[in-house]
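Close look at the chain arrangement
Okay, here's what each chain looks like letter by letter:
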Amino acid sequence: METSVPGGYAGQILRVDLTNERIWTQPLSPQDYRQYLGGVGIGAKILYEEVPPDVQWDHPENRLILATGPLAGLPVWGTGGLTVVTRGAMTNGATSTQANGFFGANLKYSGYDAIVFQGQANRWVYLYIKDDTVELRDAAQLLGKDTWEMQDTLNAEHGLSGHQMSVYGIGPAGENLIRFAVIAGDYGHVASKNGCGAVMGKKQVKAVCIVRGSRGLRAADARGLYQAADDIAYDLKTDPSTRSLYEYGTLPGVVNLLGLGALPIKNYTTNEKPEGTDMSLWEAPALRNGFDHRGHQCSACGMHHCHMQVLPSGPHQGKIVDEPEYEGWSGAGWAIGLTDRVATSWLNTQIDRAGVDVNEFGWLIGWVMECVEKGYITKEQLGGLEVRWGDAEAADQLLQLIAQRQHLGDLLAEGVKRASERLGGPAADCAIYTMKGSTPRGHDHRARWEEMLDTCTGSTGTLESGAAVKPQEMGLPARINPFDPDAVAKLVGSLQGRRHFEDSLGACIFTTRTTIENLCCALNAATGWDYTLGEALRFGRRTSALLRAFNIRCGIGPELEKPSKRYGSVPVNGPAAGIAIEPHWEHMLDVWYETVRYDRKTGLPKPDLLRELGLEHLIPELWAEEVPSRAV
Amino acid sequence: MPSEIDRDSALVQEEALVQIDTVAWVTRYVGGSGSDRIGFGLALAPGDTVRTVLRRLSQRFPQLQRALWDPTSGELGEHIEVVVNGAILGVRHGLDSEIKDGDRILLFGQYMGG
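Summarised in this report is the structure supplied together with it. (Residues numbered from 1 in each chain as written. Chains lettered and ligands numbered in written order. Predicted model: local features only at pLDDT ≥ 70, side-chain atom pairs only at ≥ 80, totals over all residues. Heavy atoms only, no water.)

Quick notes on the pattern of salt bridges
One pass over the full model with this rule turns up 47 salt bridges over all chains. Measuring nitrogen to oxygen at the nearest pair gives 2.9 Å for the salt bridge that ties Arg548(A) to Glu561(A). Here the residue Arg548(A) occupies a position in helix α22 (residues 533-553), and Glu561(A) occupies one in the loop between α22 and α23 (585-596), the gap between them amounting to 13 residues. You'll find Arg548(A) and Glu561(A) in the same group, each marked buried. With a shortest N-O distance of 3.3 Å, Asp21(B) and Arg37(B) are connected by a salt bridge. Of the two residues, Asp21(B) sits in strand β1 (residues 17-23) while Arg37(B) sits in strand β2 (residues 37-43), which places them 16 residues apart along the sequence. Ionic contacts of the salt-bridge type, sharing partners, join the residues Arg15(A), Glu50(A), Glu61(A) and Arg63(A) into one network. (Salt bridge = Lys/Arg side-chain N within 4 Å of Asp/Glu carboxyl O. Helix = DSSP H or I, 4+ residues; strand = E, 2+ residues; numbered from the N terminus. Buried < 20%, exposed > 50% of the residue type's maximum accessible area, 1.4 Å probe, protein only.)

What to know about the sheet that holds strand β13 (residues 292-295) of chain A
Either a parallel or an antiparallel arrangement is found when strands of a sheet pair, and the pairing is made through backbone hydrogen bonds. Residues and elements named next belong to chain A. Pairing is antiparallel across the open sheet formed by three strands, whose spatial order is β13-β14-β15. Two strands in the sheet have a free side with no partner beyond their single neighbour: β13 and β15 (320-322). Sheet twist, expressed as the average angle between the axes of neighbouring strands with direction ignored, equals 25°. Running at roughly 75° to β15, helix α12 (residues 341-354) makes contact with β14 (307-310) and β15 of the sheet. (Pairing = 2+ DSSP bridges. Axes fitted to C-alpha atoms, helices over the stretch in contact; angles between N-to-C directions. Contact = heavy atoms within 4.5 Å.)

Quick look at the packing of aromatic side chains
All names here are of chain A. Tallied over the entire structure, the rule returns 18 aromatic pairs over all chains. Centre to centre, the rings of Trp282 and Trp329 are 5.5 Å apart; their planes meet at 85°, and the pair counts as edge-to-face. Here Trp329 lies in helix α11 (residues 326-331) and Trp282 lies in the loop between α9 (253-259) and α10 (284-289), a separation of 47 residues in the sequence. One aromatic cluster is present, formed by Tyr9, Tyr33, Phe501, Trp529, Tyr531 and Phe539 through successive ring pairs. Just above the ring of Trp24 sits the side chain of Arg22; from NZ or CZ to the centre is 4.0 Å. Taking the ring centre of Tyr128 as reference, the NZ or CZ of Arg137 above it sits at 3.7 Å. (Phe/Tyr/Trp six-rings, centres within 6.5 Å; stacked < 30°, edge-to-face > 60°. Lys NZ or Arg CZ within 6 Å of the ring centre and 35° of its normal.)

Examining the environment of Trp592(A)
Residue placement: Trp592(A) occurs in helix α23. Leaving out residues up to four positions away in the same chain, Trp592(A) has contacts with Leu453(A), Thr457(A), Ala489(A), Val492(A), Gly493(A), Gln496(A), Arg548(A) and Tyr598(A).

Regarding the pairing of strand β3 (residues 80-84) of chain B
The two faces of a sheet get side chains in turn, since along a regular strand they alternate between them. Residue and element names in this part refer to chain B. For β3, the buried fraction is high: five of the five residues fall into the buried class. As paired strands, β3 and strand β5 (residues 104-109) are joined by five bridges and run antiparallel to one another. Along β5, the bridge assignment pairs Val84 with Ile105. Of the strand pairs in this sheet, β3 and strand β4 (residues 87-88) are connected by two bridges, and their pairing is antiparallel. Bridge pairing links Val84 to Ala87 in β4. The hairpin turn running from β3 into β4, its antiparallel successor, is two residues long, and Asn85 in that turn takes a positive phi close to 50°.

Concerning α12(A)
Spacing of three or four residues puts side chains on the same side of an α-helix, whose turn is 3.6 residues. Residue and element names in this part refer to chain A. End to end, α12 covers 20 Å across 14 residues, agreeing with the expected 20 Å (1.5 Å per residue, within 8%). Of all the 14 residues making up α12, 13 are buried; the element is thus mostly covered by neighbouring parts of the structure. Its side-chain oxygen placed 2.9 Å from the backbone nitrogen of Val342, Asp340 serves as the N-cap of α12. Positive phi shows up at Gly355, right after α12, with a value of about 90°. (Expected span 1.5 Å × (residues − 1). Polar contact = N/O pair within 3.5 Å; in protein donor to acceptor, adjacent residues only side chain to side chain.)

Details of the sheet that holds β1(B)
With mixed pairing, the five strands of this open sheet are ordered in space as β2-β1-β5-β3-β4 (chain B). Taken across any chain shown, the strands that pair with only one partner, and hence form the sheet edges, are β2 and β4 of chain B.

Quick look at the pairing of strand β9 (residues 165-169) of chain A
Residues and elements named next belong to chain A. Across the five residues of β9, five count as buried, placing the element largely inside the fold. Burial of β9 is two-sided: the residues Met165, Val167 and Gly169 facing one way and the residues Ser166 and Tyr168 facing the other way are all buried. With five bridges joining them, β9 and strand β12 (residues 205-211) adopt antiparallel strand pairing. Among the inter-strand pairings, Tyr168 is bridged to a residue of β12, identified as Val208. Two elements, β9 and strand β10 (residues 183-185), share two bridges in a ladder whose sense is antiparallel. Across the sheet, Gly169 pairs through a bridge with Ala184, a residue of β10.

Functional significance is not addressed by these values, which are geometric in nature.
Next comes the structure, spelled out in structure tokens:
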């Protein structure tokens, strides 16, 4: 058996038992590295093996896994990546959610590929890492601080700034166990899905603070790695789609999605811009240049994607904020009827600072605003707060009520599904969510059927397959009719696996929008392996199957794979007006299940698929009583 | 630069026209800055479809040609979205639907989320 650590890896995982304040390292075998790679791959393995069904999201024995991957810290664009895997608070099921910045690179430079938290601290702590110095330190001075203040405080305490130290942690929302709390860090990067910040808060971990370590990383083939990095960068700069990302990040999304009926406006009540809105101000160059700005790039990244900006006007003029991503413009803006760019930008950073998911915030506050307008929620229930569409200051006050669990904020802190169900009546029909408890990304999926299907069937608390990237490489058509139920379901099922491969490399989702072949070249140069497209997809599907098995074991089955009434409703206007997904839903599920080879009734990966994926050891547990009747 | 340029209108004033607008990012492929709208009035020939008029326009702009079509299949590629008379392609029109005088086609960049 091979024993040496493959190139690209630090060679060990950091284990932290919070209950006993015990810290140790765990080596992985080269075989494990090749089979599970990193990020969500390693996370899914640990989650499945160490979190049994009776360990709910808020149980001390839940695991919180912060993992990076083999490319993190190497000179490939966007390789500071962090993947958070846990049993999340929104679905009480598996989570895989990513953030970038410098965390992944700094962790590797200190000598670790991942951190696994277990147990629950009996005091608020933060984890400090600097090479071999790994300590749980008292976090009393950080309590109540927002995610930016927390980083300021730790920077000052340690006399470090810039990228010398990466801090990821929770804001007041995570401390107060808001179900959609996030883990945020490096001023504006957020692992946002499925309440991973609530899990961190339950464990009483305020932050992880990693000083840029001094360990070197070895690439098996340094020349090959530079060549692969060059090829990837060239592709990102010249591909017709990624070229816009390269130049303007996700900013073009607002205008593009409005044109496609997929920009969520006022809680899915319309798909038309408010009368008089000048959309030329929302085009990418105008959106960026409307503010003083500068680049805020992640580790080793040449994309012009992340920026900081200064608010040019309004009550918060002069404040430095994070330039919103597309989903910031939608969740902190259009979804709640706010089309003032400066106010949206301010609110977006307020949301990041408080530490909640901007998408869930948009669905929740949009729902509240609609309910107030229709008289389903009263001013008294909101503690006397006046709320109306597009009011940024009121939205911020709601944010603070939620983060502190005050007045109706205590109910809203449970997320839009639980809040609307508890309020009941006609208000319940206005809420956007999946029956699993997750909510969509920042789009109107009534014009993006593939994303609605992916969100509802996915096992991660969000999109699992993601958008088609160079689908021809996987033998799929470049484009399908987006409203053809068969084609959509086949596409979503067939794409399964690519996203998990990307999310296991320690790289950003935007800098992996190249061919899988290019990514394999980089991976192979780093590690010395011979990964192929086929092995990459098999790895990704194995990860999907593991997460699916975990969820089924937790009781999250096919009966929950559908949108809420509003989420699955028919657009009343705009480019997808009159198009209804609901009549096709069950058929789409049939086709999706057939494509991914999961059992339609139980939701489980079928035994023959598990064998193909090298997961035959799961068959006895998953199919113990089922195999005789259903085995294929 | 004017917000809309009708490059062919002088040549085709008496003929049936389809208006094809490139919007925002897609203008980069037809000589624009990525922040405006550049429109084209194309004369219609008998039997013209969404496919044939888009093909005719893209033949004039190599970058648009590359972005719009999948080189292997010859069908629409993944990069540009097509809206016909205010509805996404697939709602009321397909690529081979007939185009009539006064129809409008919008070309948007592919959505990139996050």
